[in-house]
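# Structural overview for review
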Amino acid sequence: MIGHILKLIWNKKGSNSLMILEIFLAFLVLFFVLAYVLYNLDKTSAPLGFATVDRWEVQLDNLDALDSIELKTTIENLESNLLALEEVEEVSFANSISPFSGSMWTTGNDENGFEFSAMVVPADYGLANTLDLNIVEGRFFTEEDYDATYKPIIMTKHFMEKYYPNKSMIDSTFLLQGTRKIVGVVEAYRYRGAFEELYPTIMLLEPKVDNNSAVLLKMKPGTPTSFEEKLSNVVNTTTKRTGNVINNLEKERISEDRESWMIFIALLSICGFLCVNVALGLFGVLWYNINKRKAEIGLRQALGANGLDISKQFILEVILLTLVALIIGVFFAVQVPLLQLTEFPNVMFYKAILYSIVIILSLVFICALFPSIQAAKITPANSLHED
Amino acid sequence: MIKLNNITKVYRTKTIETTALNDIDLHVPKGEFLSIMGPSGCGKSTLLNIIGLLDEPSGGTIRVDGQEVIKYASKATAKFRNEKLGFIFQSFHLIPDLNVIDNVELPLLYRNVSRKDRKEMAAIALESVGLANRKSHFPSQLSGGQKQRVAIARAIVGNPAIILADEPTGNLDSVMGDEVMEILTKLNKEEGTTIVMVTHDERMAKKTDRLIRLYDGSQVA
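Residues numbered from 1 in each chain as written. Chains lettered and ligands numbered in written order. Predicted model: local features only at pLDDT ≥ 70, side-chain atom pairs only at ≥ 80, totals over all residues. Heavy atoms only, no water.

## Considerations on the interface of chain B and chain A
Each partner contributes residues to the interface: chain B has 23 residues there, and chain A has 22 residues. Both faces combined, the contact of chain B with chain A buries some 2,100 Å², and carbon together with sulfur accounts for 64% of it. The three residues of chain B that bury the most area against chain A are His93(B), Asp97(B) and Tyr110(B), which together make up 30% of that side's buried surface. Linking chain B with chain A are 1 salt bridge, by the criterion used here. Asp102(B) serves as the salt-bridge partner of Lys7(A), at 3.1 Å between the closest nitrogen and oxygen. Counting the contacts that link chain B with chain A gives 5 residue pairs in polar contact (both at pLDDT 80 or more). Of all the secondary-structure elements, those providing two or more residues to the side of chain B that touches chain A are helix H2 (74-84), strand S6 (85-89), helix H4 (106-109) and helix H5 (115-128) of chain B. With 4 residues, H2(B) is the largest single contributor of residues to the side of chain B that touches chain A. Here the residues of the side of chain B that touches chain A sort into 11 nonpolar, 4 polar and 8 charged. (Contact = heavy atoms within 4.5 Å. Buried area = accessible area lost by both parts, 1.4 Å probe. Salt bridge = Lys/Arg side-chain N within 4 Å of Asp/Glu carboxyl O. Polar contact = N/O pair within 3.5 Å; in protein donor to acceptor, adjacent residues only side chain to side chain. Helix = DSSP H or I, 4+ residues; strand = E, 2+ residues; numbered from the N terminus. Nonpolar A, V, L, I, M, F, W, Y, C, P; charged D, E, K, R; others polar.)

The following block contains the structure:
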């Protein structure tokens with residue numbers, strides 16, 4: 001029967017080519033959207049590397065304008081005044097590269113015997129405790145590190161896996177603006193959000209006075225939002241400025257994620273709309289074909305086809321047509337990972353191909369089912385007479 | 001072989017009831033070539049459709065080889081049509097997208113016959129109607145007479161015991177009509193196939209073993 005249907009399809013290749021083209025294009029769009037969505041969703045499975053619940057951030061109002069002595073005094077006062085509050089457990093100062101700020105600093109050189117590229121996070125020694133960074137090897141910065149012979153440096157696990165796979169580099173030196181010593185490895189620090197690219201990251205120890213753009217706070221669990229007023233008064237009084245802004249890192253994280261989700265939802269909606277259009281088109285074409293081929297249906301029944309044979313024939317015709325379109329589609333889609341056209345991992349493309357095939361085949365099957373069942377109900381005497 | 005008792009067929013709409021067949025009793029012995037004549041709308045084709053199980057009668061019974069065939073389930077009806085009956089239609093009903101040999105092998109698709117055997121059987125059937133050299137042609141490339149011969153080949157490819165022909169010469173000129181009748185007569189005489197033919201053509205009807213006439217759904221002769 002399959003050979004017979006393939007022959008029918010081939011002999012009607014002119015009229016079938018448009019349907020093949022429609023399914024082929026739907027497959028390609030679905031493939032690219034799914035690859036993009038899967039890739040981004042996969043990123044969310046990697047840990048963020050820091051805590052956001054009960055973590056607040058105060059963006060400081062232009063402390064850079066102060067002279068160095070005044071700045072040092074203000075920072076010291078601010079730290080002690082904040083720690084004096086019962087609700088504040090830990091404090092860490094940050095520059096503009098703070099969680100969800102959108103800022104980034106990348107660096108790289110080839111002085112280590114290999115070329116590397118990494119994002120840089122200037123941090124003070126309080127960051128690990130403030131944001132509960134997960135130290136997977138070695139230790140975090142300490143106050144004593146400011147006076148160490150070699151400036152300390154901390155890498156993320158991803159950095160180590162990429163540039164020093166299966167090696168422990170603790171206490172090894174690393175060349176970046178002079179000789180530094182690797183003191184620890186943190187699990188991750190994806191400060192730009194869950195949808196951020198997984199990028200090798202390093203942390204450099206900076207004096208608190210240089211990290212004067214923001215202050216990160218670990219709050220006592222359950223600290224109410226109303227505490228913001230008191231916190232604001234303390235910060236404003238200490239810095240003698242009123243433009244300081246308080247953010248809740250958990251809310252920032254949710255807001256950041258929502259923006260990414262909106263893009264996916266928009267893309268998937270467009271894709272879904274396209275699929276519905278293709279489905280309606282297919283449904284219409286099938287309905288039209290079946291009405292046009294009533295005499296053929298009657299003839300086949302007269303020659304010995306039962307209802308199931310008729311339904312099977314129409315479903316198989318559409319499924320085989322779809323398979324032709326999918327084979328062409330997969331040929332083009334598979335070029336993307338094979339030719340390494342993007343930096344996405346290949347597995348995402350293969351998954352997207354598989355899911356697209358399943359979605360298109362299911363859609364086509366559902367669209368073919370009802371008209372095919374109706375075709376089986378056509379009575380031979382009437383359909384033969386109609387012709 | 002075919003025995004019809006009190007066959008009636010009534011078409012009902014909300015307002016009108018039309019009797020297409022009225023108490024038809026008919027016995028067609030094995031190997032007979034029977035023709036049915038009558039004016040348009042007298043119920044000839046309806047009767048043929050009912051014999052071929054393409055339509056259901058409103059009342060009465062049909063026995064083929066002693067078996068009550070109306071009570072068959074749809075799957076058994078399809079099997080019966082496939083194995084016992086061959087159909088020939090006035091408008092040929094060839095599938096335009098299939099070539100001649102693929103059209104002829106159609107009934108065998110619904111049996112467990114291998115592709116090779118299907119091709120062989122279809123080639124033999126085509127040879128018997130003198131179209132062995134037209135296997136790869138498409139219906140659009142054939143004359144009316146050739147199309148009807150392809151339809152005959154399709155009807156006989158599965159060696160059915162009964163052939164039901166609905167005005168097989170109706171769309172053909174007299175020469176082609178005679179050719180078709182010659183094939184059917186030969187089939188009846190040499191193979192012993194029972195043939196029931198509906199026709200408008202008195203000349204063709206006279207070539208058959210027996211003629212019955214219908215008028216307004218009733219048998220009048």
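The rest of the description comes next.
## Digging into the confidence of the model for chain A
Per-chain confidence: chain A averages 89 in pLDDT, with 99% of residues scoring 70 or above. The secondary structure element of chain A with the lowest average pLDDT is helix H12 (residues 380-386) of chain A, at 74, and the one with the highest is strand S6 (residues 151-156) of chain A, at 95. (pLDDT = per-residue confidence, 0-100.)

## With respect to the side chain of Lys44(B)
All names here are of chain B. Its location among the elements puts Lys-44 in helix H1 (residues 44-51). Only 3.0 Å separates the side chain of Lys-44 from the backbone oxygen of Gly-38, close enough to count as a polar contact. Other than its neighbours up to four places away in sequence, Lys-44 contacts Ile-36, Met-37, Gly-38, Pro-39, Glu-167, Val-198, Thr-199, His-200 and Leu-214.

## Digging into the sheet that holds strand S7 (residues 162-166) of chain B
Residues and elements named next belong to chain B. Strands sit in the order S6-S7-S8-S3-S9-S10 across an open sheet of 6 strands; the sheet is mixed. A single partner strand is all that each edge strand has here, and the edge strands are S6 and strand S10 (218-219). Pairing geometry for strand S3 (residues 33-37) and strand S9 (residues 210-215), over 4 bridges, is parallel. Along S9, the bridge assignment pairs Ser-35 with Leu-211. (Pairing = 2+ DSSP bridges.)

## What about the pattern of salt bridges?
Inspection of every chain in the model, using the stated rule, returns 27 salt bridges over all chains. With a closest N to O distance of 3.3 Å, Lys220(A) and Glu86(A) form a salt bridge. In this pair, Lys220(A) sits in the loop between strand S10 (214-219) and helix H6 (227-239) while Glu86(A) sits in the loop between helix H3 (68-83) and strand S2 (88-94), placing the two residues 134 residues apart along the sequence. A salt bridge links Glu105(B) to Arg118(B); its shortest N-O distance comes to 3.4 Å. Of this pair, Glu105(B) sits in the loop between helix H3 (100-104) and H4 while Arg118(B) sits in helix H5, and the two are 13 residues apart along the sequence. Taking the relative accessible area as the measure of exposure, Glu105(B) reaches 3% and is therefore buried. A relative accessible area of 11% places Arg118(B) in the buried class. (Buried < 20%, exposed > 50% of the residue type's maximum accessible area, 1.4 Å probe, protein only.)

## Observations regarding the pairing of strand S2 (residues 17-28) of chain B
All names here are of chain B. The pairing of strand S1 (residues 2-12) with S2 spans 8 bridges and is antiparallel. Residue Leu-4 lies in a different strand from S2, and its bridge partner there is Leu-26. Here S1 hands over to S2 after 4 residues, the two strands then running antiparallel side by side.

## A few points about the sheet that holds S2(B)
Residue and element names in this part refer to chain B. Strand order in the open sheet formed by 4 strands is S2-S1-S4-S5, and the pairing between neighbours is antiparallel. The open sheet has two free edges, formed respectively by S2 and strand S5 (67-68), since each of these has just one partner strand. Of the pairings in the sheet, the one linking strand S4 (residues 59-64) to S5 comprises 2 bridges and is antiparallel in character. Bridged to Arg-63 within S5 is Glu-68. On top of the sheet, H1 reaches S1, S2 and S4; it is set at about 120° to S1, its chief contact. (Axes fitted to C-alpha atoms, helices over the stretch in contact; angles between N-to-C directions.)

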